[in-house]
Amino acid sequence: MKKFLVSAFVFITFVIYSLHQRVASNVISPTVSQTPNSGSSSTTTTQPSTSTTGFKDGQYTGDIVDAYYGNVQVKAIISGGKITDIQFLDYPRDRQQSNYINSQATPMLRTEAIQAQSANVDIISGATATSQAFIQSLGFALAKAK
Amino acid sequence: MKQTRLLMGMPISIEIIDKSVDEKIFDVVYDYFKYIDNKFSVYKNDSEISQINQNKILEKDYSKDMKQVLKFCEQTRKQTNGFFNIQKDIGIDPSGLVKGWAIFNGAKLLKKNGFENFYIEAGGDIQVSGKNLDKENWRIGIRNPFKEFKENEIVKVISVFNKGVATSGTYLRGAHIYNPKDRNKKVDEIVSLTVIGSNIYEADRFATAAFAMGQKAILFVEGLNGFEGYQIDKNGIATFTSGFNKFILENEKN
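The paragraphs below set out a description of the structure included in this document. Values in this document were obtained by computation on a predicted structure and should not be read as measured data.

1. Focus on the pattern of salt bridges
Residues and elements named next belong to chain B.
Right, so step 1: For the structure shown, the criterion picks out 13 salt bridges over all chains.
Right, so step 2: The shortest N-O distance in the salt bridge between Arg77 and Glu74 comes to 2.9 Å. Highlighted residues: Arg77 and Glu74, both in helix α3 (residues 64-79), separated by three residues, approximately one helical turn.
Right, so step 3: You can call Arg77 partly exposed: its relative accessible area is 32%.

2. Quick look at the pairing of strand β12 (residues 237-240) of chain B
Right, so step 1: Across four bridges, the pairing between strand β5 (residues 110-113) of chain A and β12 of chain B is antiparallel. When the sheet's bridge partners are listed, Thr111 of chain A is paired in β12 of chain B with Thr239 of chain B.
Right, so step 2: With three bridges joining them, strand β11 (residues 228-233) of chain B and β12 of chain B adopt antiparallel strand pairing. Of the residues in β12 of chain B, the one forming a bridge with Gln231 of chain B is Thr239 of chain B.
Right, so step 3: With antiparallel pairing between neighbouring strands as the criterion, β11 of chain B and β12 of chain B make up a hairpin whose turn holds three residues, including Gly236 of chain B at a positive phi of roughly 80°.

3. Re the sheet that holds strand β1 (residues 2-7) of chain B
One key point about sheets: their strands pair by backbone hydrogen bonds, in either a parallel or an antiparallel sense.
Right, so step 1: Read across the sheet, nine strands follow the order β5(A)-β12(B)-β11(B)-β10(B)-β9(B)-β6(B)-β5(B)-β2(B)-β1(B) without closing on themselves; strand pairing throughout is antiparallel. Every other strand in the sheet has two partners, leaving β5 of chain A together with β1 of chain B as the edge strands with one partner each. Strand after strand, the sheet turns through a mean of 15° between neighbouring axes, direction not considered.
Right, so step 2: With six bridges joining them, strand β10 (residues 190-197) of chain B and β11 of chain B adopt antiparallel strand pairing. Bridge pairing in β11 of chain B places Ile196 of chain B opposite Glu228 of chain B.

4. Some details on the environment of Ser20 of chain B
Residues and elements named next belong to chain B.
Right, so step 1: If you trace the backbone, Ser20 turns up in the loop between β2 (10-16) and α1 (23-40).
Right, so step 2: In this structure Ser20 comes out as exposed when scored by relative accessible area, which is 55%.
Right, so step 3: Spatially, the C-alpha atom of Ser20 lies 36 Å from that of Asn144, the residues being 124 residues apart in sequence.

Parameters and conventions
- Residues numbered from 1 in each chain as written.
- Chains lettered and ligands numbered in written order.
- Predicted model: local features only at pLDDT ≥ 70, side-chain atom pairs only at ≥ 80, totals over all residues.
- Heavy atoms only, no water.
- Salt bridge = Lys/Arg side-chain N within 4 Å of Asp/Glu carboxyl O.
- Helix = DSSP H or I, 4+ residues; strand = E, 2+ residues; numbered from the N terminus.
- Buried < 20%, exposed > 50% of the residue type's maximum accessible area, 1.4 Å probe, protein only.
- Pairing = 2+ DSSP bridges.
- Axes fitted to C-alpha atoms, helices over the stretch in contact; angles between N-to-C directions.

None of the figures reported here should be taken as evidence of function without further support.
Put into structure tokens, the structure is as follows:
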């Protein structure tokens, strides 16, 4: 949960930062229908304002980001020059036990190069070619039976 | 006492450690596997599954075991977002679930007959119970998927108590598991996925489903409560779930 919140926070901070940059340089995000220098947003019902924090009121949709399990997309709502809400428009949920996944961070799983080990084992587990060979052999046999 | 017989298109081994063992119990379990084969083999024209695929049996007349298996298959399909799918070109083929289910039933038969220390292994899928001859947890080696079968090289050794261990994979002669979401695409991102579960029925159905997910398979296993996994990709890099450690036996390397 913690790691997911951290990732979301980092992402949202990035969104806010990029919004801040855009507001500061008077460049309008393509996802906001707003004309340059108009000083107002067409998507807000609040009084337009350009506060000293640099955020313009309105609703701003961030880019879609690949979060490995799926996509994340957020919408930031600015009112009175401050972030009043952040909504998830998309989050990874197309998975079994999606509630469980969403409450977890993307795990960093350990990896290693495979290496031969001592063969002192009782049983061996591995994909078998026998089943496939069985099918092939059966095919040949049946062909002869025609 | 140990026996190996070829059934269901593969070698099936049963080893029983308990001193009370005699030959008869092997016949009981192998007869059960024969029964399973006669019912579920798509390669036998007279099997119930072949009759179903030829539309010769009404659904209401399916046998109890068939209805049970199909119900489990549907459940598994939903739980895996369709990555487990028994619909094939020839009709339906539930063997990806039947194998683990049958081994698990075989193990239950042994327990019912009073045996505690044994394993059943069928085509690389294993149900263990109790302890081995050295009175330790059963030691299982994961086969190197890049080597010929006769070499039987091990790349990981695990030690398990009362668990099921299933390995889905491809082998040198090419990929034989396909992605049910995209029939034209062979699954070759990963070559081996070993799943440890509370029993072989559970381990097998999820190993079968997850394998079709490619590189993300191990993430699916990570998200399953009570399951651990070890995945080997086509470059020989293994990824393991966060709880897999507890099963690893550190070994001297060759």
